[in-house]
Amino acid sequence: MESIEATLRAFIAESILFSESGYPFEDSTSFLDNGIVDSMSVMDLVLFSEKEFGVTINDPEITPENFDSIENLSNFIRIKKSSKD
């Protein structure tokens, strides 16, 4: 089973960056500061995360603290998954 980080990297590389060579940034790199995602891409990440990881993400949770890097989003998903159990 792939890690959450690896799954997110692959999704962003293929579906948002349209890159065949993978995700070229560090996991801590800010999506917003580096133009990696825009508002529509954030919604794609929300939908993907809900489907792929079986979590429910509420509108107030869609914040830079949760969605501004692979690192932040992975941690957020882990918290959501652990609170679901």
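Notes on the structure follow.

Criteria and cut-off values
- Residues numbered from 1 in each chain as written.
- Predicted model: local features only at pLDDT ≥ 70, side-chain atom pairs only at ≥ 80, totals over all residues.
- Heavy atoms only, no water.
- Helix = DSSP H or I, 4+ residues; strand = E, 2+ residues; numbered from the N terminus.
- Rg over C-alpha atoms; globule rule 2.2 N^0.38 Å.
- Buried < 20%, exposed > 50% of the residue type's maximum accessible area, 1.4 Å probe, protein only.
- Contact = heavy atoms within 4.5 Å.
- Areas by Shrake-Rupley, 256 points an atom, 1.4 Å probe, with all protein chains shown as cover.
- Phe/Tyr/Trp six-rings, centres within 6.5 Å; stacked < 30°, edge-to-face > 60°.
- Salt bridge = Lys/Arg side-chain N within 4 Å of Asp/Glu carboxyl O.
- Expected span 1.5 Å × (residues − 1).
- Polar contact = N/O pair within 3.5 Å; in protein donor to acceptor, adjacent residues only side chain to side chain.

Now for the overall build of the protein. Within the protein, the regular secondary structure consists of four helices and zero strands. In the protein, the succession of helices and strands from N to C terminus is α-α-α-α. By the compact-globule yardstick of 12 Å for 85 residues, the protein fits well, its C-alpha radius of gyration being 12 Å. Counting every position in the protein, which comprises 85 residues, the buried fraction comes to 41%. For the protein, long-range pairs separated by at least 24 residues make up 52% of all intrachain contacts whose partners lie at least 6 apart in sequence. With the model as given, the accessible surface of the protein reaches about 5,200 Å², and the carbon-plus-sulfur share is 50%.

The topology assignment puts Asn-66 in helix α3 (residues 64–67). In this structure Asn-66 touches Glu-61, Asn-72, Leu-73 and Phe-76, once residues within four positions along its chain are discounted.

Right, let's talk about the packing of aromatic side chains for a bit. Per the stated rule, a full pass over the model turns up four aromatic pairs. With 4.0 Å between their ring centres and 10° between their planes, Phe-11 and Phe-48 make a pair best called stacked. Taken as a pair, Phe-11 in helix α1 (residues 4–16) and Phe-48 in helix α2 (residues 39–53) lie far apart in primary sequence, 37 residues in all. Take Phe-11 and Phe-48: they sit in the same class, and that class is buried. Ring plane angle 55° and centroid distance 5.7 Å describe the contact between Phe-67 and Phe-76, whose orientation is recorded as tilted. Phe-76 sits in the buried class, given a relative accessible area of 7%.

As a working rule, side chains carrying opposite charge can pair if their charged atoms are close by. Per the counting criterion, the structure on display carries three salt bridges. Between Glu-5 and Arg-78 there is a salt bridge, with its nearest N and O atoms 2.8 Å apart. Here Glu-5, found in helix α1, pairs with Arg-78, found in helix α4 (residues 70–84); they are 73 residues apart in sequence, far enough to count as distant. Classification of Glu-5 as buried rests on a relative accessible area of 17%.

This part is about α2. Across its 15 residues, α2 extends 21 Å between first and last C-alpha, which sits within 8% of the 21 Å expected from 1.5 Å per residue. Among the residues of α2, Ser-41, Val-42, Leu-45, Val-46, Phe-48, Ser-49 and Phe-53 are the ones counted as buried. At the N-terminal end of α2, a side-chain oxygen is found 3.1 Å from the backbone nitrogen of Met-40, two or three residues along, and the residue is Asp-38. Just downstream of α2 lies Gly-54, where phi reads positive at about 65°.

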